[in-house]
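Topology and contacts: notes
The chain contents come next:
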Amino acid sequence: MPLLDIRDLTIHYATRRGVMQAVDGVSFTLEAGQHLGLIGESGCGKTTTGRALLRVLPRNGRIAGGEIRFKDRDLVRMREAEVRRLRWREISMVPQSSMDALDPVYRVGDQLTEVLTARGGMARRAARERAAELFALVGLSKDRLDNYPHEFSGGMRQRAVIAMALALDPDLVVADEPVTALDVIVQNQVLRTFRELQERLHLSVIMITHDISVVAETCDQVAVMYAGQIVERASVERFFREPYHPYTLGLQNAYPNLANPNQELISIEGYPPDLVEPPTGCRFSSRCPFAMECCFHEAPPLVEVAPGHQAACHRWQEVDLLRSLAKEAKTWQTQA
């Protein structure tokens, strides 16, 4: 039985223009100890999916359908009191902005201690000792427990937030763009810390990011989201070695390759579709240089293209040709 089994998850946002289908029929599983990268452009639904696991959607958001089965319990149908007990203890989250996650008028150590006492039921002295242990775990000195968030660097704040997420030994950590606001040197330090913690604590992790290099460093599985849907799922090795979906080909073209530093970076022209009025066919069709007539009218199913590898593309059987053409900048420049 997988640790997490998401089945046909659908999430809507109420907007002035109508109902936005932010997540539409998303399904995936996560085994205990597995590290899944959930990637895609901003607005594709990955953060919404992550927040749904903790039932912390904005007021205008609601889970419109599907199941989120965590340890064989459906979180969608749980009462709020049950979900509240589950947060931090079994599922925790590392948010995008560490400065927003930390209260600027409270010492960082006090905020960590509060998690341990209020949620973990620990006595205050024991919680303080545990807070010092957690700081050491993420590479922070216990002497910094009495500092305020503004006295920490960006990387230190992010480490403190990771320590909070690990405070009650959760089974699953959802990390939402944990290094986006950091410079590349600090990014590397935080990711190295995160990777070491994954191995040492045998964490199950969902890493939400738009940066495929982060996935390469920290994950063993990947799910690619586009316009509220998953368009490709594979092991990280297969994702980089044998991508199938045209959107995945475009993502890889847009990132530098250290093995080929002279490679030209190619952007994907155009914009994602309006999810208040999503297209009836493939949602990537208006930006896809390989789209056929059927792509605009028939949504391709997510099919197994190789063992443990799924993709949603009408032309997946022509992937060798598509990969070859996708390497040429002119292929993508026609999609304005």
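Scope of this entry: the structure provided in the associated data block. Keep in mind that what you see is a predicted model, and the values were worked out from it rather than measured.

The rules we used
Going along each chain's sequence as written, the residues are numbered from 1 onward. With pLDDT at 70 or above as the cut-off, local features in this predicted model cover only qualifying residues; side-chain atom pairs require 80 or more to be listed or tallied, and sums for whole chains, interfaces and linings still use all residues. Water and hydrogen atoms were dropped before computing side-chain values, which therefore reflect all heavy atoms in the structure. Two strands form a pair only when DSSP identifies at least two bridges running between them. Comment: elements are numbered from the N terminus, with helices defined as DSSP H or I runs of at least four residues and strands as E runs of at least two. Helix axes use the C-alpha atoms of the stretch in contact, all axes being lines fitted to C-alpha atoms, and the angles between their N-to-C directions lie in the range 0 to 180 degrees. Throughout, a residue-residue contact means that at least one pair of heavy atoms, one from each residue, lies within 4.5 Å. Count a disulfide wherever a pair of cysteine sulfur atoms falls within 2.5 Å. For every residue, the accessible area (1.4 Å probe, protein chains only) is compared with the maximum for its type, and the residue is labelled buried under 20%, exposed over 50%, or partly exposed between those bounds. Our angle categories are set so that under 35 degrees counts as roughly parallel, over 145 as roughly antiparallel, 65 to 115 as roughly perpendicular, and the remainder as oblique. Take the far helix as your reference; a near helix turned counterclockwise from it by less than a right angle gives a left-handed crossing, and one turned clockwise gives a right-handed crossing. Only Asp, Glu, Lys and Arg are considered charged, only Ala, Val, Leu, Ile, Met, Phe, Trp, Tyr, Cys and Pro nonpolar, and every remaining residue, Gly among them, polar. Counted as salt bridges are all cases of a side-chain nitrogen of Lys or Arg within 4 Å of a carboxyl oxygen of Asp or Glu.

Let's talk about the sheet that holds strand β6 (residues 91–94)
Judged by pairing direction, the sheet is mixed, and its 8 strands sit side by side in the order β6-β7-β8-β3-β9-β10-β12-β11 without closing on themselves. Every other strand in the sheet has two partners, leaving β6 and β11 (303–306) as the edge strands with one partner each. On average, each strand axis in the sheet is tilted by 25° relative to the strand beside it, whichever way the strands run. Alignment of strand β3 (residues 35–39) against strand β8 (residues 204–209), held across 5 bridges, turns out to be parallel. When the bridges of β8 are listed, His35 appears paired with Val205. Lying on the sheet, helix α6 (residues 154–166) is in contact with β6 and β7 (172–176); it crosses β6 at an angle near 175°.

A word on the state of the cysteines
Evaluated as defined, the whole model comprises 0 disulfides. Free of any disulfide, Cys44 has its nearest cysteine sulfur in Cys282, 14 Å distant. With relative accessibility at 3%, the residue Cys44 sits in the buried group.

Side note on the packing of helix α5 (residues 124–137) against α6
The contact between α5 and α6 brings their axes to 9 Å, and the two run at 125°. The angle between α5 and α6 falls in the class oblique. Two packed elements cross with a definite hand, and for α5 against α6 that hand is right-handed. Here Arg130, Leu134, Phe135 and Leu137 of α5 lie close against α6, whose contacting residues are Ala160, Ala163 and Leu166. A class-by-class count of the residues in the contact of α5 with α6 yields 6 nonpolar, no polar and 1 charged.

Things to note about the packing of helix α4 (residues 108–119) against α5
Where α4 contacts α5, the two axes come as close as 9 Å, and the packing angle between them is 120°. Judged by the angle between their axes, α4 and α5 are oblique. Pair α4 / α5 crosses with right-handed handedness. On the side of α4, the interface is formed by Val108, Asp110, Leu112, Thr113, Leu116 and Thr117, while α5 contributes Arg124, Ala127, Arg128, Arg130, Ala131, Leu134 and Phe135. Among the residues making up the contact of α4 with α5, the classes are represented as 7 nonpolar, 2 polar and 4 charged.

A few points about the sheet that holds strand β5 (residues 73–74)
Ordered in space as β2-β1-β4-β5, the 4 strands form an open sheet in which the pairing is antiparallel. The sheet is open, and its two edges are formed by β2 (18–30) and β5, each paired on a single side. Taken together, the 8 bridges between strand β1 (residues 4–15) and strand β4 (residues 61–70) define a ladder with antiparallel strand orientation. Its bridge partner lying in β4, Ile6 is registered against Ile68.

Some points on the pairing of β2
Every other side chain in a regular strand lies on the same face of the sheet, so the side chains alternate between the two faces. One ladder, built from 10 bridges, connects β1 with β2; its direction is antiparallel. Counterpart to His12 in the pairing with β2 is Gln21. The loop that links β1 with its antiparallel partner β2 comprises 2 residues.

Focus on helix α1 (residues 46–53)
Counting buried residues along α1, 6 of its 8 residues qualify, which places the element largely inside the surrounding structure. Those residues of α1 not exposed but buried are Lys46, Thr48, Thr49, Gly50, Ala52 and Leu53. Directly after α1, the chain includes Arg55, whose backbone phi takes a positive value near 55°.

Examining the pattern of salt bridges
Evaluation of the coordinates by the stated rule reveals 26 salt bridges. Glu90 is the salt-bridge partner of Arg73, the closest N and O atoms lying 2.5 Å from each other. You can see Arg73 sitting in strand β5 and its partner Glu90 sitting in the loop between α2 (80–86) and β6, a full 17 residues away along the chain. Classification of Glu90 by relative accessible area gives buried; the value is 17%. A salt bridge links Arg315 to Glu318, with the shortest nitrogen-to-oxygen separation between them at 2.9 Å. Judged by its relative accessible area of 16%, Arg315 is buried. Note on Glu318: relative accessible area 32%, which makes it partly exposed. Here the salt bridges share partners, and the residues they tie into one network are Asp5, Arg7, Glu67, Arg69 and Asp72.

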